[in-house]
Amino acid sequence: MTRPGQPASAAVSDDALFGPEAADYACYRPGLPDAAVHLLAATQHGEPAPVLLDLGTGTGQVPRALLPVLPLVHVDLVDVNESMLQAARAALDPVRGGCTVDVHIGAAHTFTPAAAGRAPTLITCARSFHWMSRPEVLSMADRVAAQRAVVAVMGDGSLWTYEADWTAALRELIQSYLGEDRRAGTGGTYAEPGRAYEDDLADSAFSEVTEHTFSVSRAWAPEDVLGYLRTTSFARPALLAGRHDEFEAAALRLLQDHAREGVLKEDAVFTVLLARRPGGDA
């Protein structure tokens, strides 16, 4: 699972990047495939009191998906964005039952459990590992995790990287507004893909890695693609400034022209890397 490229400047603080789009993020970002959710839950079989640490939680998609199928006793949510954390906590309240939830505002590698006895048995990072200082995150995980803990790094690319006629046309439209280079962060651009996540994990305490892939077919309405774009680092409204309304009108026309019976198809592959310390259960 090669990382999709790192922003030229990976330091993103507080609400500068995704704060204004937290509601759109919760509404338009695709969730986890059911098969991936059940794979994560299966890693916790035999754990009497599973504890989840979700890094770069965003609006809490991972714990929201896990809670109905895994009896978590505690969840730690970590993100640099306060608006996202507020949305995540609100999303979990109706489904958490007796599970306790703590939120931690800050970079993932700075996480420290708020109370003793809450060593995570499952550490997840979905679609966000590329934003992080990965060696530091994995060192932190080694310090705080239970002995048999599982680290799960997950992702499936984006509509920028997905190859189809409609995404190629959409990418060209974005480039006509923002330039050829893919934008990232609050003002930088994406670098070329570099080190694979597997190599990061192999150099960490969690060096026993297995890869699991799941095919996912999605049907997008043109309006939903616009909502999704507002949540991305390559087409956020702030990047387009006063031209955002003009861009969205042009994008909607383009997407409607490419849609078949009002639908745009995406066939993605969702990859889950499960990493354990040597000698951990497979």
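Residues numbered from 1 in each chain as written. Predicted model: local features only at pLDDT ≥ 70, side-chain atom pairs only at ≥ 80, totals over all residues. Heavy atoms only, no water.

Here we look at the pairing of strand E5 (residues 150–155)
Counting buried positions along E5 gives six out of six residues, so the element sits mostly inside the fold. Bridge analysis of strand E4 (residues 122–126) against E5 gives five bridges, and the strand direction is parallel. The residue of E5 that forms the bridge with Cys-125 is Val-153. One crossover worth recording links E4 to the parallel E5 by way of helix H5 (residues 134–144), and it is right-handed. (Buried < 20%, exposed > 50% of the residue type's maximum accessible area, 1.4 Å probe, protein only. Helix = DSSP H or I, 4+ residues; strand = E, 2+ residues; numbered from the N terminus. Pairing = 2+ DSSP bridges. Right-handed = clockwise from strand over helix to strand, strands pointing away.)

Side note on the sheet that holds strand E9 (residues 264–276)
Read across the sheet, seven strands follow the order E3-E2-E1-E4-E5-E9-E8 without closing on themselves; strand pairing throughout is mixed. The outermost strands of the open sheet, each flanked by one partner alone, are strand E3 (100–105) and strand E8 (208–220). Taking each pair of neighbouring strands and ignoring which way they run, the sheet shows an average axis angle of 15 degrees. Where E8 meets E9, 13 bridges bridge the pair, whose relative direction is antiparallel. Paired with His-212 across the bridge in E9 is Val-272. Sheet strands in contact with helix H2 (residues 34–42) are E4, E5, E8 and E9, and its direction is about 10 degrees off that of E9. (Axes fitted to C-alpha atoms, helices over the stretch in contact; angles between N-to-C directions. Contact = heavy atoms within 4.5 Å.)

Concerning the confidence of the model for the protein chain
If pLDDT is low for a region, its predicted coordinates should not be looked at in detail. Averaged over every residue, the pLDDT of the protein chain is 90; the share at 70 or more is 89%. Counting interchain partners and residues more than four positions distant, the pLDDT-below-50 stretch residues 2–19 has 57 contacts. (pLDDT = per-residue confidence, 0-100.)

Considerations on the nonpolar core
Note on soluble globular proteins: their nonpolar side chains tend to be buried together. Residues Leu-40, Leu-66, Leu-72, Met-154 and Val-272 are the most contacted members of the largest nonpolar core, which totals 29 residues. Every element with two or more residues in this core is listed here: H2, helix H3 (61–66), strand E2 (74–79), helix H4 (82–92), E4, E5, E8 and E9. For this core, the leading source of residues is H2, giving five residues. Here Val-272 is in contact with Ala-36, Leu-39, Leu-40, Ala-152, Val-153, Met-154, Thr-210, Glu-211, His-212 and Phe-214, once residues within four sequence places are set aside. Counting 27 residues, the second largest nonpolar core, distinct from the first, contains Leu-159, Trp-160, Ile-174 and Ala-235. (Core = buried A, V, L, I, M, F, W, Y, C linked by side-chain atoms within 4.5 Å.)

Some details on the packing of helix H8 (residues 222–229) against helix H10 (residues 244–258)
Geometry of a packed helix pair, given as the angle between the helix axes and the separation of the axes. Viewed as axis vectors pointing N to C, H8 and H10 meet at an angle of 140 degrees, and their least axial separation amounts to 9 Å. Accordingly, the angle class assigned to the pair H8 and H10 is oblique. Crossing of H8 over H10 shows right-handed handedness. Seen from H8, the contacting residues are Pro-222, Glu-223, Val-225, Leu-226 and Leu-229; seen from H10, they are Phe-247, Glu-248, Ala-251, Leu-252, Leu-255 and Gln-256. Within the contact of H8 with H10, the residues separate by chemical class into eight nonpolar, one polar and two charged. (Parallel < 35°, antiparallel > 145°, perpendicular 65-115°, else oblique. Left-handed = near helix turned anticlockwise from the far one by under 90°. Nonpolar A, V, L, I, M, F, W, Y, C, P; charged D, E, K, R; others polar.)

Topic: unusual backbone geometry
Peptide bonds are trans in most cases, and residues, glycine excluded, mostly fall at negative phi. A positive phi is found at Arg-127, a non-glycine position, where the angle reads about 55 degrees. For Glu-261, which is not glycine, the phi dihedral falls at a positive 55 degrees. Along the chain, Glu-261 falls in the loop between H10 and E9. For Glu-261, a relative accessible area of 83% gives the class exposed.

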